[in-house]
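The residues making up each chain are set out below.
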Amino acid sequence: MTFGLGSLQRAKSGAVRARNLLLAALLAAPFGASAQSADPVAPFLGTWSGVFTTQTNRYWTFADLQCFVGCPLDFYNGLSALLADPANDKTPAMALGGQAGAVSLVALDAMLTPAGKQVRAANKPEDDPKFINCQPYGFVREVTNPLPVQFHRDGDHLVVRYEEWSLLRNIYLDGRPHPDQKTPTLLGHSVGRVENGALVVETTRLTPDLISDTSQAGHSGELTAVERYTIRDKPRRLELTLTLTDPVTFTKPMVVTKTWLYTPDVEIVQDTCSQQPGKP
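Here is a short report on the structure shown in this document.

What counts, and at which threshold
In this numbering scheme, every chain counts its residues from 1 along its sequence in written order. Side-chain atom pairs in this predicted model are given and counted only at pLDDT of 80 or more, local residue features only at pLDDT of at least 70, and totals for whole chains, interfaces and linings cover all residues. In computing side-chain properties, one takes all heavy atoms of the structure into account and sets aside hydrogens as well as water. One speaks of a salt bridge when a side-chain nitrogen belonging to Lys or Arg is within 4 Å of a carboxyl oxygen belonging to Asp or Glu. Whether a residue is buried, partly exposed or exposed follows from its accessible area with a 1.4 Å probe, protein chains only, as a fraction of its type maximum: under 20%, in between, or over 50%, in that order. Ring geometry is summarised as follows: Phe, Tyr and Trp rings, the Trp one being its six-membered ring, pair when their centres sit within 6.5 Å, and such pairs are stacked at plane angles under 30 degrees, edge-to-face over 60 and tilted between the two. For a lysine, the NZ atom is tested; for an arginine, the CZ atom; a charge sits over a ring if that atom is within 6 Å of the ring centre and within 35 degrees of the ring normal. Note on definitions: the grid is 1 Å and covers protein atoms alone; a cavity is a set of points where a 1.4 Å probe fits but cannot get out; a pocket is an open set with protein on both sides within 12 Å along at least five of seven lines; lining residues have an atom within 4 Å of a point. Grid points are joined across faces, edges and corners, and a volume is the space filled by probe spheres set on the points. Strands here are runs of E lasting at least two residues and helices are runs of H or I lasting at least four, both read from the DSSP assignment and numbered beginning at the N terminus. Residues are sorted three ways: Asp, Glu, Lys and Arg are charged, Ala, Val, Leu, Ile, Met, Phe, Trp, Tyr, Cys and Pro are nonpolar, and all the rest, Gly among them, are polar. In this analysis, a patch consists of residues with relative accessible area above 30% that form no salt bridge, clustered at 9 Å for like charges and at 5 Å for the nonpolar side chains Val, Leu, Ile, Met, Phe, Trp and Tyr. Every accessible area reported is derived by Shrake-Rupley at a probe size of 1.4 Å, with residue values counting cover from the shown protein chains alone. Residue types Ala, Val, Leu, Ile, Met, Phe, Trp, Tyr and Cys, when buried and joined through side-chain atoms within 4.5 Å, form a set referred to as a nonpolar core.

## Observations concerning the pattern of salt bridges
Consideration 1: The final tally for this structure, using the stated rule, is 14 salt bridges.
Consideration 2: Residues Glu202 and Arg193 are paired through a salt bridge, measuring 3.1 Å at the closest nitrogen-oxygen approach.
Consideration 3: Judged by its relative accessible area of 28%, Glu202 is partly exposed.
Consideration 4: Take Arg193: its relative accessible area is 36%, and that puts it in the partly exposed class.
Consideration 5: Ionic pairing is found between Arg237 and Glu239, a salt bridge with its closest N-O pair at 2.9 Å.
Consideration 6: Assessed through its relative accessible area of 13%, Arg237 is described here as buried.
Consideration 7: By relative accessible area, which is 21% here, Glu239 ends up partly exposed.
Consideration 8: When salt bridges with common partners are traced through the structure, they connect Asp128, Lys130, Arg141, Asp209 and Asp213 into a single cluster.

Printed below as a string of structure tokens:
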């Protein structure tokens, strides 16, 4: 059988075209498919545990131990600086913690409005709803609670599952604004985005509550919160900077910090109500 010149050219052209298509498919598969399926929140998914449940990890410092339920950033930085100062080598760590705590409380007092000071004075440990009626924590204490937390994606939103009080929280990632009218709740309305590798979450529509058990300071329903979660490695950990703005109780924003370690083998368990939530 013989082929004409035109047939040979067409066959050659077809072979080249087929080869080019195959090469393009091979090149596109690992990169194109990966790009299409890449989820910017993927690094944050999974289970993370704080110092309360991972105390033996060598990563933790004394400052981390003192901040197992989160703490003001000025306290954490102040205590870390005192611990790092060779002049304090003979001073007990707890004494340094007391020094940093005293300075932090003075700073807190200076940033409270008259209304904020009234709220703090009215808050008594024995009146805490968690002890009286087994009511869950409000937003700030729940976000910085000592028990494990898990993030997973559900369509256009991120679901946060807290072991503390077994609460679930939705963070909307679809670009929606906060609603103009919405009944305030313990965990409020949260919208999030990934910005320069950090997960940024903005929350509004919160019911008034305590900020911490230690300071007894509280916030009003005007509170707005911005969480900024950053992933670090060696060890893999989740670091939170939480900025709280409330013109009713604060003269300036309060900044809180908390760190978790990545613990993929930890299972979230059902919390029970007792005088110390999280313990059966």
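Back to the write-up after that little detour.
## Things to note about the packing of aromatic side chains
One pair of aromatic rings is described through two measures. These are the centre distance and the angle between the planes.
Consideration 1: Applying the stated criterion to the full structure yields 6 aromatic pairs.
Consideration 2: Between Tyr59 and Trp60 the ring centres are 5.4 Å apart and the planes differ by 65°, which places this aromatic pair in the edge-to-face class.
Consideration 3: Judged by its relative accessible area of 11%, Trp60 is buried.
Consideration 4: Aromatic ring contacts, followed pair by pair, group Phe151, Tyr229 and Trp260 into a single cluster.
Consideration 5: Positioned over the ring face of Tyr172 is Arg176, at 3.9 Å from the centre of the ring.
Consideration 6: Here the guanidinium or amino end of Arg236 rests over the ring plane of Tyr262, the centre of that ring lying 6.0 Å away.

## Describing the layout of surface pockets
Consideration 1: Taken as a whole, the second largest pocket holds about 250 Å³ of empty space.
Consideration 2: The wall of the second largest pocket is formed by 17 residues, among which Tyr76, Glu239, Thr257, Lys258 and Thr259 lie closest to the centre.
Consideration 3: Listing elements by their share of the lining of the second largest pocket, those giving two or more residues are α3 (73-84), β10 (224-232), β11 (237-245) and β12 (254-262).
Consideration 4: For the lining of the second largest pocket, the per-class residue count stands at 8 nonpolar, 4 polar and 5 charged.

## Some points on a nonpolar patch on the surface
Consideration 1: A cluster of nonpolar side chains, Phe52, Phe68 and Val69, forms an exposed patch at the surface whose accessible area comes to about 210 Å².
Consideration 2: Here Phe52 lies in the loop between β1 (46-49) and α2 (62-66).
Consideration 3: When its relative accessible area of 32% is taken as the criterion, Phe52 is described as partly exposed.

## Comments concerning the nonpolar core
Consideration 1: In this structure, Phe151, Tyr229, Leu238, Leu242, Leu244 and Met254 are the most contacted members of the largest nonpolar core, which totals 37 residues.
Consideration 2: Only α4 (93-111), α7 (139-143), β3 (149-154), β4 (157-162), β7 (198-204), β10, β11 and β12 provide two or more residues apiece to this core.
Consideration 3: Membership of the second largest hydrophobic core comes to 7 residues, among which are Ala63, Cys71, Leu79 and Leu96.

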